[in-house]
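# Tertiary structure, described
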Amino acid sequence: MMGVPPCRAPLRLLPALAGWARGRGAPLSTGALTGPSRRHYKKETLPASEGPIPPVTVTEIRQYLRAQGIPFHDGYSCLHAPSLFVEGLGEQKPPAGSARYSLFIDKTTGSFVCTATLAEGTWQDFQASVELKHKGVPQAGLQQLDGADQAGEDARHIWDRALPLWELLDEEETQTAKAMFGISKVSDATLKRFGVRYLRTARTLVFPWFSPRGTGLKGLKLLGAECQGDTVLYVENTLPRPSAYYNLFGLPLIGRRDTEVVLTGRELDTLALYQATGLPSLSLPRGATCLPPALLPYLEQFKRITLWLGEDLRSWEAAKLFARKLNPKRCSLVRPGDQQPRPLEAFTRGMNLSKILRSALPAGHKSIISFRQLRDEVFGELSNVEQVAGVKWARFPELNKLLKGHRKGELTVFTGPTGSGKTTFISEYALDLCMQGVNTLWGSFEINNVRLAKIMLTQFAVRRLEEQLDQFDEWADKFEDLPLYFMTFHGHQSIKTVIETMMHAVYMYDISHVVIDNLQFMMGQEQLTVDRLAVQDYIVGAFRKFATDNSCHVSLVIHPRKEDEERELQTASIFGSAKASQEADNVLILQDRKLVTGPGKRYLQVSKNRFDGDVGVFPLEFSKPSLTFSTPVKGKARLKKVKDDNGAPPKQAPAGGSGASKKQ
Ligand SMILES: Nc1ncnc2c1ncn2[C@@H]1O[C@H](COP(=O)(O)OP(=O)(O)OP(=O)(O)O)[C@@H](O)[C@H]1O
C-alpha cells in the first residue's frame, strides 16, 4: 500500500494494490496496464474530433435499429434490444418489454453491453457486428468482459485467505472487528448474505465483486478502518484499481422482479440499509465521486431508484447529477442533514430508515418552483457554509482565504503576461484539486499532453524526477489513480467539438472541473478584429453555459492584450471585449512584475470573486526543480485584500490582510 498521508475526508481512496485498467464501457480508454512493476503510465484521454468517437444521437440509433429490423424498446438510460450475441436470440422477436432483451444501448453514447454474454463495445462496434451477422459471421468472440486476468487472480488469492467474519477464532475477536468498522449492529446473517469477509492479517473487510452472471470473482474492495475519537476513518483499496472497478455491490442479490432499489455510496451503508428495511440495495463502486455509464444497464430494471449517498453537500450535489443520468423521473433523493445521516449512521443511532426513505424528494426537475420547495435547499446552504464554499486548495491557503474554495458550476478566467508561468500555475492549481477527488478534464491546446503530464507529475512528486528515475514508477503509479483525463486535441479546434467532448466526458467520468489552456486556440483564423471579438465573446458564452448547465467548473486561460510592459495587468487587460470578465465568476491574474519584494517574484491577483466579493493579491514562490508555486512560508501574513483590481501588489508584506472589502 502506498504511503499517502491521511486527509481530512472521512473516506478516501488509496491506490490499488496492483492491477489493470481496462476502462470498461469507455471506448476511449488507454488499454491494458499491467502489474505493479510497469513503466508506462497513461491517463485516459478523450478523442480529437477526427478520433474514434463520432457523436451519435438517440434518434440516429433508433433509425438504425428500425432500418435493420431490430426490435427495441425505450428504457430510462438505454434502449433495450434482443442480443445479437446470444445464439439464436437475435433472430427471435420476444414481445416488447420482455426481460429477454439483454442488449442495452446507451442513449447518450451508443455504447452497448449484452448482460447475458457480457459482450460490450462502442456504437461503431455494434454496427459492425450487425453487418457481420448479416454476413453470417458468428458473434461470440466480441470483447468479453470477464477476462479479469491478473487482477482477478490477485483478488482470488486474497479472497481465499479471507475468512467470514463470524468464523473468526472467537466471539470476542468478531465483536472487536465489527466495532472497529462501526458495524456492531450489523448481523452475521446480513454479512453472510452479502458475502463479506475479513482479512485478518491486514485487518480489513473484504467485499467481493462477482460477475453479474454470478460465476467468477472479478475483483474486490478492501476496507480498512482507523478510529479517530468518535469517528471512524475508512481507507479503501480496490482490485482492479479504481478506474477499472465497476462493482455495483449487492447486484447478485437483486431479483429479476425487483423494481425498486436504494443506491448508497458505501458497502457498509448497503448492509445497514438492507438489514433495517429489507429493501434491495446497491452501493456505487466509487461512492459519490462518479456513476460510470457502464453501470446503467444494470439499473434499467428499476422503476424507482432512491439515492442515499452520504451526509454531506457533495453527496447531495452528486445525487442530483446522477439522477440526470438515471432519468430523474424514476429517482428520489435523500437530502443529507442531521436527522438524515448516511444509512449506517442512521442505523447505528436507531433511527427509522424506512421513514427517511419515505421522505426522499423526487428528482424530477420543474422549471417553476416556489420558495417553499427551495427553503430546505436554502437552509442546507446556510447551515453548511464551509461545504458550500467548495473544495479547498491544499497548496494555496491564500487562495482559500480569497476565493473560499473551488465550486461547481463556476467559470474562472485566468490570465497573465506571455511566458509568465500561466500553464505551470494552472497545472498545479488543478492538480491540487484533483488530488482531493475533483474529477478533472484537461484541454491543453498549446502544449502536448506528454509535456503537460510531465509538468504535473513533477509537481505531484514535488521533485525533479529526471535525476531520480528510480522513483518514477512509484510516483507514476500514484499519479495514475488520480481522477484525471486529457482531451487529445492539439492546436486549433472548433468550440463545438471541444464542448461536445466536454459533455461526453461529464457523462462518462462525472467531470467537475475542466481546464482549457487556452481560449485563443478556439478562435480560428478570422482576420477582422471585430470578428475576433465577436468570436471570443461567443466562445466565452459557450463555456459559461456549459459550466452552468453541467454544474461543472471551467477554468479558462486567456492571453492578455498587448499592453505597456511596465504596467500591471488588470481585469480590463484580458484580451477581447468585457464579456470574458463579465461572464466569469472569478478572474485570476498572474502578475510577474519584478517588484521590490524580490527578484523574479510572481503574484497571484484575484481581481473578481462573485461568490463573496473578496479580492486581493498574494505572492507566489516558484521552485524550479519541482515546478511548483507554493506560497512562501517565511514572513508575516502575506495576503492582501484590496478594494478593486487597480490595487497593485503590495510593496511590502502587509499585516494581517487588513483593508478587506467586499465588491459587488
Ligand atoms: N515563476 C517563474 N519563474 C521562473 N520561471 C518560471 C516561472 N513560472 C514558470 N516558469 C518557467 O517558464 C516557462 C514558461 O512557463 P509557462 O509555459 O507556464 O508560461 P505561460 O504563461 O503559460 O506561457 P505562454 O504565454 O506562452 O502561454 C516554463 O519553462 C516554466 O518552467
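Keep in mind that this is a model prediction, so the values were computed, not measured. (Residues numbered from 1 in each chain as written. Predicted model: local features only at pLDDT ≥ 70, side-chain atom pairs only at ≥ 80, totals over all residues. Heavy atoms only, no water.)

## Details of helix H15 (residues 472–480)
- Across the nine residues that make up H15, a large majority, eight, are buried.
- Of all the positions in H15, only Phe 472, Asp 473, Trp 475, Ala 476, Asp 477, Lys 478, Phe 479 and Glu 480 are classed as buried.
- Of the surrounding secondary structure, the elements contacted by the buried residues of H15 are helix H13 (422–434), helix H14 (449–461) and strand E20 (484–487). (Buried < 20%, exposed > 50% of the residue type's maximum accessible area, 1.4 Å probe, protein only. Helix = DSSP H or I, 4+ residues; strand = E, 2+ residues; numbered from the N terminus. Contact = heavy atoms within 4.5 Å.)

## A word on the packing of H14 against H15
- Their axes nearest at 10 Å, the elements H14 and H15 cross at an angle of 100°. Judged on the interaxial angle alone, H15 and H14 are roughly perpendicular. Listed contacts from H15 to Ala 453, Met 456, Leu 457, Phe 460 and Ala 461 of H14 are Phe 472, Trp 475, Ala 476, Lys 478 and Phe 479.
- Residues belonging to the contact of H14 with H15 are distributed by class as follows: nine nonpolar, no polar and one charged. (Axes fitted to C-alpha atoms, helices over the stretch in contact; angles between N-to-C directions. Parallel < 35°, antiparallel > 145°, perpendicular 65-115°, else oblique. Nonpolar A, V, L, I, M, F, W, Y, C, P; charged D, E, K, R; others polar.)

## A word on the site of the ligand
- Near the ligand there are 14 residues, and of these Gly 419, Lys 422, Thr 423, Thr 424 and Glu 446 occur at the shortest range.
- Between Gly 419 and the ligand, the recorded distance is 2.8 Å, taken from a backbone N or O atom to an oxygen atom.
- Contact with the protein chains removes 71% of the 640 Å² of surface that the ligand exposes when unbound.
- When its residues are assigned to classes, the shell around the ligand shows four nonpolar, seven polar and three charged. (Near = heavy atom within 4 Å. Polar contact = N/O pair within 3.5 Å; in protein donor to acceptor, adjacent residues only side chain to side chain. Areas by Shrake-Rupley, 256 points an atom, 1.4 Å probe, with all protein chains shown as cover.)

## Examining the side chain of Arg 407
- If you trace the backbone, Arg 407 turns up in the loop between helix H12 (397–403) and strand E18 (411–415).
- Under the relative-accessibility criterion, Arg 407 is labelled buried at 6%.
- One polar contact links the side chain of Arg 407 to the main-chain carbonyl oxygen of Ala 389, over a distance of 2.9 Å.
- Within the local environment of Arg 407, its side chain forms a polar contact with the backbone oxygen of Gly 405, the two atoms lying 3.2 Å apart.
- If we ignore the near neighbours within four places in the chain, the residues touching Arg 407 are Val 388, Ala 389, Gly 390, His 553, Asn 586, Asn 609 and Phe 611.

## Observations regarding the sheet that holds strand E5 (residues 103–106)
- In space, the five strands of this open sheet follow the order E3-E4-E5-E6-E7, with antiparallel pairing throughout. Taken across any chain shown, the strands that pair with only one partner, and hence form the sheet edges, are strand E3 (73–74) and strand E7 (120–121).
- Pairing geometry for E3 and strand E4 (residues 78–81), over two bridges, is antiparallel. Note on E4: the bridge partner recorded for His 73 is His 80.
- Taken strand by strand, helix H2 (residues 123–134) contacts E5, strand E6 (112–114) and E7, and its axis lies near 135° from that of E5. (Pairing = 2+ DSSP bridges.)

## Things to note about the side chain of His 80
- Mapped onto the elements, His 80 comes out in strand E4.
- The buried category is assigned to His 80, whose relative accessible area is 9%.
- At 2.6 Å, the side chain of His 80 and the side chain of Glu 300 are in polar contact.

## Describing the pairing of E20
- Burial along E20 is two-sided: the face carrying Leu 484 and Phe 486 and the face carrying Tyr 485 and Met 487 are both buried.
- Strand direction decides the pairing type here: strand E19 (residues 440–444) and E20, joined by three bridges, are parallel. Residue pairing for E20: Trp 442 is matched across the bridge by Phe 486.

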